[in-house]
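Here are the chains, one letter per residue:
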Amino acid sequence: MWDSTMFLSTLTPKFYVALTGTSSLISGLILIFEWWYFRKYGTSFIEQISLNHISPWISGVENTDNGNSNNSSSSSSQNNVPECKVWRNPLNLYRGAEYQRFYWATNKEPLTYYDMNLSAQDHQTFFTCEADGGKAEYEIMQTAWRERNPMVRIKAAHSALEKSPECAPAYILLAEEEATTITEAEKILKQALKVAETNYRKSQTMQHQGSLMEAQHRRDTNVLIYIKRRLAMCARRLGKLKEAVKMFRDLTKEVPPIMNVLNIHENLIEALLEMQAYADVQAVLAKYDDISLPKSATICYTAALLKARIVADKFSPDVASKRGLNTAEMAAVEAIHRAVEFNPHVPKYLLEMKPLILPPEHVLKRGDSEAIAYTFFHLAHWKAVDGALNLLHCTWEGTFRMLPYPLERGHLFYPYPTCTECADRELLPSFHEVSVYPKKELPFFIIFTAGLCSFTALLTLLTHQYPEPMGVVAKAVLSWLSTPVYFIYEKVENMLPANLLQQLSRI
């Protein structure tokens, strides 16, 4: 004890400057790393290591057999799959005519590789089958969808058409990626439609001749429906609304499995809203806004828009606060609360509180990607209804008072999924700031390291500026801290025999 006291008394102020400076530097580096990790992954690195590795090791959980851990991990992953399922965007844009033009104007990639890879998997599933073996044009297209370079994909499509001009998937790829305008894309798709109808009729007559012919007919059906849908979307883009609505109505009557993926009723709703055919929109909602069917932002927010349209033009928050809400206004507010609970990211885009970007080709329901895809096409429809955005502005935040703990329980829907942020970061480009709900508080370790870094940096500055007084303060603090230790040491020494410590030291 006496030696340690002598050692501390001989320390110079330079030692304290070096000590506090080093501590400040190390805590600053830890703070920077923690902040970067939190911004990228939404959690604290130290906290994650503590919970996932250190705590199980201390408690002995990791000693269980690998079979149980594998089963639990597989079951937990299965539970997370439905929560974070990614859906194809029903209103996705054309790569050549729309996404590519954005890239030329801004030099920013509007689509992520993850998003395009999902599209490639979709196209392989829809436009290929087991019967394609030995057909050179279809074998070329099987690999073309997976190519990362768009020019290689386009060259492969032309090569497939040289092999056989009846390869409808090759026309689809050229319409999606080579055409630089919607008019060009429509022209190519009309050629594709003729080829697809011919292939469909041929395979229809032979679909019962074996499993391969049945698979080919299913593929030809998918190709035909996909081409009709994209042609209807071209008509919608070019302002031919009646033609587009007729085509969408005809497609909703189809029943192949691909219809569950395309969600064509959302295209129909958007086209009818553009025509301001609100009664027809209500009829579509009556069919698809059912408790047994999966919801979407389009379904929930369109239902809210139709109810808001009845009262929005006369709604005044001051008058409503004095006399209360009438039945129609209450129904509109409840519909808005329902929509906001389903996807809380949409209002900030509709109210133009956040910048809007081009929608991705895939969306995560209840996530930021779905909010962008919905607002990109439906913002104009909300502006077309006088007072609708004002009503939304006055009422949407009230939803969060009904949901104080959205991750634990919901009001009208299941609790808000916890995986949306990570999935949206994969789907949306890096230049977009992903909307996060609910807002995450800073982890304890970031606050702790920030305080430690600031405190040690302040000590370093004071020690460098005032070495003598800070040296006196440091020695006083060390003496205060050592006083309880001395006290305990003396008590132990008085309680134990005088020669015990010597005997222990010999042992």
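Residues numbered from 1 in each chain as written. Predicted model: local features only at pLDDT ≥ 70, side-chain atom pairs only at ≥ 80, totals over all residues. Heavy atoms only, no water.

Colleague: Please explain the overall build of the protein chain as it appears in this structure.
Modeller: Broken down by element type, the protein chain carries 26 helices and two strands. Here the contacts in the protein chain between residues at least 6 apart in sequence split such that 70% fall between residues at least 24 apart. Of the accessible surface of the protein chain, which amounts to about 28,100 Å², a share of 59% is contributed by carbon and sulfur atoms. (Helix = DSSP H or I, 4+ residues; strand = E, 2+ residues; numbered from the N terminus. Contact = heavy atoms within 4.5 Å. Areas by Shrake-Rupley, 256 points an atom, 1.4 Å probe, with all protein chains shown as cover.)

Colleague: In this structure, what is going on with unusual backbone geometry? I would like to understand it.
Modeller: A negative phi holds for most residues other than glycine; trans holds for most peptide bonds. With a phi close to 60°, Asn107 is a non-glycine residue in the positive phi region. The residue Asn107 is located in the loop between helix H5 (95-106) and helix H6 (113-127) in this model. Accessibility expressed as a relative area gives 59% for Asn107, which makes it exposed. (Buried < 20%, exposed > 50% of the residue type's maximum accessible area, 1.4 Å probe, protein only.)

Colleague: What should I look at first to understand helix H8 (residues 150-163) in this one?
Modeller: One turn of the α-helix equals 3.6 residues, which is why residues spaced by three or four share an orientation. The end-to-end C-alpha distance of H8 is 20 Å, a good match for the 20 Å that 14 residues give at a rise of 1.5 Å each. The elements touched by buried residues of H8 are H5, helix H7 (136-144) and helix H9 (168-178). The N-capping residue of H8, defined by a side-chain oxygen 3.0 Å from the backbone nitrogen of Met151, is Asn149. (Expected span 1.5 Å × (residues − 1). Polar contact = N/O pair within 3.5 Å; in protein donor to acceptor, adjacent residues only side chain to side chain.)

Colleague: Honestly, the nonpolar core in this entry has me stumped. Any pointers?
Modeller: Across soluble globular proteins, nonpolar side chains have a tendency to be buried as a group. Counting 96 residues, the largest nonpolar core has Met141, Ile227, Tyr301, Leu350 and Trp382 as its most contacted members. Once residues within four sequence positions are removed from consideration, Ile227 is found in contact with Ala168, Ile172, Leu189, Ala192, Leu193 and Ala196. Judged by nonpolar contacts, the second largest core, of six residues, contains Leu91, Leu111, Leu358 and Phe377. (Core = buried A, V, L, I, M, F, W, Y, C linked by side-chain atoms within 4.5 Å.)

Colleague: Looking at this model, I keep getting lost on a nonpolar patch on the surface. Mind explaining?
Modeller: On the surface, a nonpolar cluster with roughly 430 Å² of combined accessible area is contributed by Val473, Val477, Trp480 and Leu481. Its place among the elements puts Val473 in helix H25 (residues 467-495). By relative accessible area, which is 43% here, Val473 ends up partly exposed. (Patch = residues over 30% accessible without salt bridge, like charges linked within 9 Å, V, L, I, M, F, W, Y side chains within 5 Å. Salt bridge = Lys/Arg side-chain N within 4 Å of Asp/Glu carboxyl O.)

Colleague: Honestly, the confidence of the model for the protein chain in this entry has me stumped. Any pointers?
Modeller: Detailed conclusions should not be drawn from predicted coordinates in areas where pLDDT is low. Taken as a whole, the protein chain shows an average pLDDT of 81; of its residues, 81% reach a score of 70 or greater. Between the elements of the protein chain, mean pLDDT differs from a low of 42, seen in helix H4 (residues 66-83), to a high of 94, seen in helix H20 (residues 368-384). Long-range and interchain partners of residues 62-82, a stretch whose pLDDT sits below 50, account for three contacts in this model, where long-range means more than four residues apart. (pLDDT = per-residue confidence, 0-100.)

Colleague: Just checking my understanding: could you explain the environment of Leu392 for this structure?
Modeller: The topology assignment puts Leu392 in helix H21 (residues 388-395). Overall, Leu392 belongs to the buried group, its relative accessible area being 0%. Placed 41 residues apart in sequence, Leu392 and Leu351 show a C-alpha to C-alpha distance of 8.2 Å. With residues near it in sequence (within four places) discarded, Leu392 still touches Ile336, Pro347, Leu350, Leu351 and Trp382.

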